[in-house]
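Commentary on secondary and tertiary structure
The chain contents come next:
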Amino acid sequence: MGKIKNLPDSKGHFNEYGGRFVPETLMPALIELEQAYKKYKKDKEFLAELNSLQKDYIGRPTSLYFARRLTEHLKGAKVYLKREDLCHTGAHKINNAIAQALLAKKMGKTRIIAETGAGQHGVAAATGAALVGLECEIYMGTEDMRRQALNVFRMRLLGAKVTEVTTGSRTLKDAINEALRDWTTNVRNTHYVMGTVFGPHPYPLMVRDFQSIIGKEARQQILKAEGKLPDCLIACVGGGSNSIGLFYAFLTDNMRMIGIEAGGLGIQTGKHAARFAGGSLGVFQGCKSYLLQDDDGNVLTTHSVSAGLDYASIGPEHCYLRDIKKIEYTYATDEEALEAFEVLSNTEGIIPALESAHAIAEALKVAPSMPTDSIIIVNLSGRGDKDVQEVARIKGIEL
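Residues numbered from 1 in each chain as written. Predicted model: local features only at pLDDT ≥ 70, side-chain atom pairs only at ≥ 80, totals over all residues. Heavy atoms only, no water.

Here we look at the sheet that holds strand β3 (residues 64-66)
In any sheet, the strands associate via hydrogen bonds between backbone groups, in a parallel or an antiparallel arrangement. Here is the rule: Strand pairing is assigned whenever DSSP detects at least two bridges linking the two strands. Segments assigned H or I by DSSP are reported as helices when at least four residues long, segments assigned E as strands when at least two residues long, and all are numbered from the N terminus. Here an angle of 0 to 180 degrees is reported between the N-to-C directions of two axes, which are lines fitted to C-alpha atoms, with helices fitted over the stretch in contact.
Within the open sheet, the six strands sit side by side as β3-β4-β14-β9-β10-β13. Their pairing is mixed. Unpaired on one side and paired on the other, β3 and β13 (328-333) mark the two borders of the sheet. The average angle at which neighbouring strand axes cross in this sheet is 30 degrees, direction not considered. Taken together, the three bridges between strand β9 (residues 232-236) and strand β14 (residues 375-380) define a ladder with parallel strand orientation.

And the structure:
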């Protein structure tokens with residue numbers, strides 16, 4: 001295992017990954033954002049306001065819950081759930097969105113834009129905009145709008161304009177393209193709230209820092225509950241913000257960490273979003289990372305039952321952490337995620353987001369083979385209300 005460096009470097013590189021690959025028109029905005037972030041992450045007034053909102057508005061700290069019945073069902077390691085599903089708006093996305101909305105206000109912006117797949121980031125961005133008094137527009141692919149109709153209504157209820165993206169695969173990748181186009185046009189008054197640890201520098205750094213509260217809390221909580229650190233951490237990986245949010249506080253410790261990508265209908269079918277199982281290095285939407293692409297560099301269509309994991313690339317820091325063998329990456333198929341969705345619902349009375357169900361699916365595999373005194377923490381990144389209709393549709397149940 002390689003020694004962990006303090007990354008990214010000053011240009012946003014995690015070794016060979018990351019960087020800033022954008023049109024010249026966006027460079028001043030990214031430099032302005034980088035400078036503002038450097039300033040405000042040390043600003044006592046900003047931090048006090050953010051801390052107050054984390055506690056009184058988002059509902060932090062979220063609990064670390066011992067899943068007793070799931071543990072008994074698996075007959076292996078103790079399974080704890082980091083309950084990000086209990087955050088205001090129902091997922092970890094709010095941690096980053098509120099912080100970026102506050103930052104945009106401090107920078108004098110009057111409008112924020114965002115992309116969304118599963119809709120949770122869009123809801124969180126719309127919530128942040130409403131909270132601090134900014135105009136908000138959310139870009140969302142047609143296919144994701146169908147799968148996440150409830151979240152579309154929530155965003156509009158919160159005062160955001162939801163713009164349908166009808167091009168390409170009509171999913172998250174295409175929504176990001178449209179959001180970047182908008183930002184290029186309206187860069188003076190608009191801040192782009194990137195929802196994950198992806199895109200041009202400083203987004204992978206900034207979003208990681210805003211989400212790292214997940215792992216900081218989990219570390220304190222497990223030491224209080226068990227008197228020792230966990231043996232294994234598990235989280236799903238789309239762009240990778242909930243996973244890096246959990247893992248980051250434990251990177252200097254010696255434990256197993258597993259990131260779960262979307263295996264879709266199986267790697268051999270080509271209908272998946274497992275970048276490390278079927279991707280290669282490329283430049284996409286502002287940074288250098290692993291990417292699902294053909295031999296000519298054309299981005300491939302992805303598939304996942306979960307809209308939030310249905311994305312062609314992955315955060316650059318994940319590539320670096322995989323290279324130094326700090327984190328291992330595998331995948332769960334749609335079928336495995338749907339099974340885990342039901343198992344957690346039935347054993348614990350907790351309906352997970354389909355994204356989080358991919359992480360639960362991995363826990364179902366690894367927990368039975370571990371000693372009963374070992375500990376797993378699974379990041380339950382979101383709640384499943386948004387997915388109930390889609391799961392019913394897949395199962396042929398009329399609501």
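Moving on from the coordinates now.
Examining the pairing of strand β11 (residues 280-284)
Examined bridge by bridge, β11 and strand β12 (residues 287-291) share five bridges and lie antiparallel to one another. Bridge pairing in β12 places S280 opposite L291. Hairpin geometry of β11 and β12 is characterised by an intervening segment of two residues between the two adjacent antiparallel strands and by a positive phi of about 45 degrees at Q285.

What about the packing of aromatic side chains?
Let me state the cut-off plainly: Aromatic pairing here means that ring centres of Phe, Tyr or Trp (its six-membered ring) are within 6.5 Å. Orientation follows from the plane angle: under 30 degrees is stacked, over 60 is edge-to-face, and everything else is tilted. For every residue, the accessible area (1.4 Å probe, protein chains only) is compared with the maximum for its type, and the residue is labelled buried under 20%, exposed over 50%, or partly exposed between those bounds.
As enumerated under the stated definition, the model contains eleven aromatic pairs in all. On the numbers, 6.4 Å between centres and 40 degrees between planes, the contact of Y17 with Y290 is tilted. Pair noted here: Y17 is in strand β2 (residues 17-18) and Y290 is in strand β12, with a separation of 273 residues, a long-range link. Residue Y17 is classed as buried on the basis of its relative accessible area of 3%. By relative accessible area, Y290 is classed as buried at 18%. Between Y37 and F210, the aromatic rings sit 5.6 Å apart at their centres with planes inclined by 80 degrees, giving edge-to-face as the arrangement. Residue Y37 is located in helix α1 (residues 27-40), and its partner F210 is located in helix α9 (residues 203-211); the two are separated by 173 residues in the primary sequence. Among the residues examined, F210 registers a relative accessible area of 9% and is labelled buried.

What about the pattern of salt bridges?
For clarity, the threshold we go by: A pairing counts as a salt bridge when a side-chain nitrogen of Lys or Arg comes within 4 Å of a carboxyl oxygen of Asp or Glu.
This structure, assessed with the given rule, holds 33 salt bridges. Salt-bridge contacts for E32 lead to K109; the nearest nitrogen and oxygen are separated by 3.1 Å. In this pair, E32 is assigned in helix α1 and K109 in the loop between α4 (93-106) and β5 (111-116), connecting sequence segments 77 residues apart. We note a salt bridge from K38 to E34, for which the minimum N-O separation is 3.7 Å. With K38 and E34 both in helix α1, this residue pair falls four residues apart, about one helical turn. Here the residues in one salt-bridge network are E143, D144, R146, R147, D310, E390 and R393, joined through shared partners.

A few points about the nonpolar core
How we decide: Only buried residues count toward a nonpolar core, which is a set of Ala, Val, Leu, Ile, Met, Phe, Trp, Tyr and Cys residues joined through side-chain atoms within 4.5 Å. Residues count as neighbours in contact if any of their non-hydrogen atoms are within 4.5 Å of one another.
With 62 residues, the main nonpolar core has L103, W183, Y192 and Y203 as its most contacted residues. The element best represented in this core is α4, accounting for eight residues. Those residues within four positions of Y192 in sequence are excluded, and the remaining contacts are Q100, I113, A114, E115, I176, A179, L180, W183 and Y203. Counting 37 residues, the second-largest nonpolar core is a separate cluster that includes I350, A359, A361 and V378.

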